[in-house]
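Spelled out, the chains give:
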Amino acid sequence: MALFNYVNDTGSHEMVVPITVFVAILCFCLVIGHLLEENKWVNESITAIIIGLISGTIILLISKGKSSHILRFNEEVFFIYLLPPIIFNAGFQVKKKQFFHNFLTIMSFGVIGVFISSSIIASGSWWIFPKLNFNGLTIRDYLGIGAIFSSTDTVCTLQVLHQDETPLLYSLVFGEGVVNDATSVVLFNAVQKIDVARFNGWSAFHVFLDFLYLFSTSTCLGVAVGLITSYILKGLYFGRHSTVREISLMLLMAYLSYMLAELWNLSGILTVFFSGILMSHYAWHNVTDSSRITTRHAFEAMSFIAETFIFLYVGMDALDIEKWKMSQQSLAGSVWTSMGIYVTVLVLMAIGRAAFVFPLSVLSNFMNRNARRTPPITFKHQIVIWWAGLMRGAVSIALAFKQFTFSGVTIDPVHAVMVTTTVVVVLFSTLVFGFLTKPLIHHLLPQNDSRRGIDRESSISKETLPLLSFDESATTNLLRAKDSLSMLLQRPVYTIHSYWRRFDDTYMRPIFCAPTTNEESV
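The model shown is predicted, which means the values in this text are computed figures rather than measured ones. (Residues numbered from 1 in each chain as written. Predicted model: local features only at pLDDT ≥ 70, side-chain atom pairs only at ≥ 80, totals over all residues. Heavy atoms only, no water.)

### So, the overall build of the protein
Right, so step 1: Scanning the protein from N- to C-terminus turns up 20 helices and 2 strands.
Right, so step 2: The burial tally for the protein puts 53% of its 522 residues in the buried class.
Right, so step 3: Contacts in the protein between residues at least 24 apart in sequence constitute 83% of all its contacts with a sequence separation of at least 6.
Right, so step 4: In the form shown here, the protein has an accessible surface area of approximately 23,700 Å², with 67% of it arising from carbon and sulfur atoms. (Helix = DSSP H or I, 4+ residues; strand = E, 2+ residues; numbered from the N terminus. Buried < 20%, exposed > 50% of the residue type's maximum accessible area, 1.4 Å probe, protein only. Contact = heavy atoms within 4.5 Å. Areas by Shrake-Rupley, 256 points an atom, 1.4 Å probe, with all protein chains shown as cover.)

### Quick look at helix α5 (residues 103-128)
Right, so step 1: Taking 1.5 Å as the rise per residue, α5 with 26 residues should run 38 Å; its terminal C-alpha atoms sit 36 Å apart, in good agreement.
Right, so step 2: Of all the bends in α5, the largest measures some 35° and sits at Gly113. (Expected span 1.5 Å × (residues − 1). Bend = angle between axes of the 7 residues up to and from the residue.)

### Observations regarding the nonpolar core
Right, so step 1: Counting residues in hydrophobic clusters, the biggest one holds 121 residues, and the most contacted among them are Phe129, Leu137, Ile145, Phe149 and Met279.
Right, so step 2: At 12 residues, helix α8 (residues 167-191) tops the list of elements feeding residues into this core.
Right, so step 3: Ignoring anything within four residues of it in the chain, the contact list for Phe149 reads Ile121, Val345, Met349, Arg392, Met418, Thr421, Thr422 and Val425. (Core = buried A, V, L, I, M, F, W, Y, C linked by side-chain atoms within 4.5 Å.)

### Structural notes on the packing of aromatic side chains
Right, so step 1: Within this structure, the stated rule accounts for 17 aromatic pairs.
Right, so step 2: Ring centres 4.8 Å apart and planes at 85° place the aromatic pair Phe115 and Phe211 in the edge-to-face group. In this pair, Phe115 sits in helix α5 while Phe211 sits in helix α9 (residues 201-236), placing the two residues 96 residues apart along the sequence.
Right, so step 3: With 6.3 Å between their ring centres and 70° between their planes, Tyr231 and Phe512 make a pair best called edge-to-face. Note that Tyr231 is positioned in helix α9 and Phe512 in helix α20 (residues 492-512), a separation of 281 residues in sequence.
Right, so step 4: In this structure Tyr231 comes out as exposed when scored by relative accessible area, which is 51%.
Right, so step 5: Under the relative-accessibility criterion, Phe512 is labelled buried at 14%.
Right, so step 6: Taken together, Trp386, Trp387, Phe428 and Phe433 form an aromatic cluster joined through their ring pairs.
Right, so step 7: Note that Arg292 overlies the ring of Trp284, its terminal NZ or CZ placed 5.2 Å from the centroid. (Phe/Tyr/Trp six-rings, centres within 6.5 Å; stacked < 30°, edge-to-face > 60°. Lys NZ or Arg CZ within 6 Å of the ring centre and 35° of its normal.)

### Structural notes on the environment of Phe273
Right, so step 1: Of note, Phe273 is situated in helix α11 (residues 268-281).
Right, so step 2: Owing to a relative accessible area of 2%, Phe273 belongs among the buried residues under this scheme.
Right, so step 3: Considered as a pair, Phe273 and Gly222 are 51 residues apart in the sequence and their alpha carbons are 7.2 Å apart.

### What about the packing of α5 against helix α6 (residues 139-148)?
Helix packing for two helices is described by the angle between their axes and how far apart those axes are.
Right, so step 1: The contact between α5 and α6 brings their axes to 7 Å, and the two run at 135°. Viewed along their axes, α5 and α6 adopt a mutual orientation that is oblique. Considering only the axes of α5 and α6, their crossing is right-handed. Only Tyr142, Leu143, Ile145, Gly146 and Ala147 of α6 make contact with α5, whose side of the interface consists of Ser118, Ile121, Ala122, Ser125 and Trp126.
Right, so step 2: Split into classes, the residues belonging to the contact of α5 with α6 amount to 7 nonpolar, 3 polar and no charged. (Axes fitted to C-alpha atoms, helices over the stretch in contact; angles between N-to-C directions. Parallel < 35°, antiparallel > 145°, perpendicular 65-115°, else oblique. Left-handed = near helix turned anticlockwise from the far one by under 90°. Nonpolar A, V, L, I, M, F, W, Y, C, P; charged D, E, K, R; others polar.)

### Things to note about a nonpolar patch on the surface
Right, so step 1: A grouping of Val335, Trp336, Met339, Val343, Val347 and Ile351 is seen on the molecular surface, where their side chains present a nonpolar patch of about 640 Å² in accessible area.
Right, so step 2: Residue Val343 is classed as partly exposed on the basis of its relative accessible area, which comes to 44%. (Patch = residues over 30% accessible without salt bridge, like charges linked within 9 Å, V, L, I, M, F, W, Y side chains within 5 Å. Salt bridge = Lys/Arg side-chain N within 4 Å of Asp/Glu carboxyl O.)

### Focus: the side chain of Thr152
Right, so step 1: With respect to the secondary-structure elements, Thr152 resides in the loop between α6 and α7 (155-158).
Right, so step 2: Judged by its relative accessible area of 3%, Thr152 falls in the buried class.
Right, so step 3: Discounting residues that sit within four places of it in the chain, Thr152 has contacts with Gly177, Asn180, Asp181, Arg353, Gly389, Met391 and Arg392.

### Details of the packing of α5 against α8
Right, so step 1: Interhelical geometry of α5 versus α8 gives an angle of 45° and a closest axis separation of 8 Å. One element, α5, and the other, α8, form an angle in the oblique class. Note on packing geometry: the crossing formed by α5 with α8 is right-handed. Contacts between α5 and α8 involve Thr105, Ile106, Met107, Phe109, Gly110, Val111, Val114, Phe115 and Ser118 from the former and Ser171, Leu172, Gly175, Glu176, Val179, Asn180, Thr183, Ser184 and Leu187 from the latter.
Right, so step 2: For the contact of α5 with α8, the residue count by class is 9 nonpolar, 8 polar and 1 charged.

### Describing the pattern of salt bridges
Right, so step 1: A full pass over the atoms with the stated rule returns 2 salt bridges.
Right, so step 2: Across the salt bridge formed by Arg353 and Glu176, the nearest N and O atoms sit 2.6 Å from each other. Taken as a pair, Arg353 in helix α14 (residues 335-367) and Glu176 in helix α8 lie far apart in primary sequence, 177 residues in all. When sorted by exposure, Arg353 lands in the same class as Glu176, which is buried.
Right, so step 3: One salt bridge in this structure joins Arg292 and Asp289, with 3.9 Å as the shortest N-O distance. Residue Arg292 and its partner Asp289 are located together in helix α12 (residues 289-317), separated by 3 residues, close to a single helical turn.

### Looking at unusual backbone geometry
Right, so step 1: Not every positive phi belongs to a glycine, and Asn133 is a case in point at roughly 65°.
Right, so step 2: Note that Asn133 resides in the loop between α5 and α6.
Right, so step 3: A positive phi angle, near 60°, is found at Asn265, a position not held by glycine.
Right, so step 4: Mapping Asn265 onto the fold places it in the loop between α10 (243-263) and α11.
Right, so step 5: Accessibility expressed as a relative area gives 59% for Asn265, which makes it exposed.

Encoded structure:
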């Protein structure tokens, strides 16, 4: 399969020129992003989109209005080559202590939240679009739209937040963003299996069962690959001969987990994400010091290039004349209908986001009400979490292309409308919401408030949970079990996390992780 479908593929020279120009634009984008790093309004994502728009305009003028693309993007390329390094790096770089300490909250936002948001967006679109004289979409299309616009992009927010200043908020935004992307893709794939002619309540329940199956099996596969890699690195000690081999093994095993998941019709995103977490937690401690530094920067660099590529292409694709002409044919040239569709999607996104962020935050605070080590999710935090999820990015674009195009080309005017709508929503949410992210967070979370949150967490002493002991009497163990049950009911999240730490330190680390004095515990 070709990596790209080229706009001009009449010869080998013409095939090299587009890639050369695109790489040059990528380099220019990185330089400009560095120069604007301290800017109050602009971040890497916005910079890439703006440069993409400018590049698309120049190409459009050179081609005399024929095309704004250097390369014709194939959505399969995104899922096979560009998405794995992004998701793997997210799992590999995650702050595991904060991630697993807030695991239930993150999972509720990233899984339950996607179902709530997707349901609201799909049902709202199904009800409003016909009223705007926009028809022609099937039930599967509406369900696909729900999954497409439920996939968040938290890059803009994470570039403003700091792990050391707001550890809880950073963990929630980062963790939910990754789990959200994985859940959206799993849900999208489950929706594709629906029999539209026989869609009913049982079909919806069957989608939910398919989702649970994909989610659980994909997670287990990722965990298994991560543990196998860790065990191999610990037992064979690759680093004594070559650090290159141990880095290559981690990289190839991660990609192998993704491809195995895709081969077995599972979710490669979930698999490679949990594979990254397990490798970071165990395998990373089994390699040499130079490999530890190299893996961190190498994986992050690959992820950064892939994300920049996507946003740069989105900027160019926004000027695709053919898609705009075709979409206007479907809407009979009505500008108001187009605006109505864009506004509808944006409003449904905001409503769907608010429908789970605020209630689930209250539920999380209730479950952790007696856990002194877990600060509450304040209303200001909830607003930032809600805002962070309003931006759409690479995954939404890829899913829209997969649903409504064939190798980046669409011949159906109705589908062209949804592609242009996705592009407009991504551009608007990234540019407008992204521009306002830094001022909003600086207004809601002043530096002093963030620092007080750090002092509060660092000043709290660690607690240990009692476990059963064979060296004590049955009566003592019974009392310990009652105390543990009471603590579980009062502080379920903290209790589960503490038990996991005990299990991990006692059984998992001795098997899969080399002894080390400087490691981040989960």
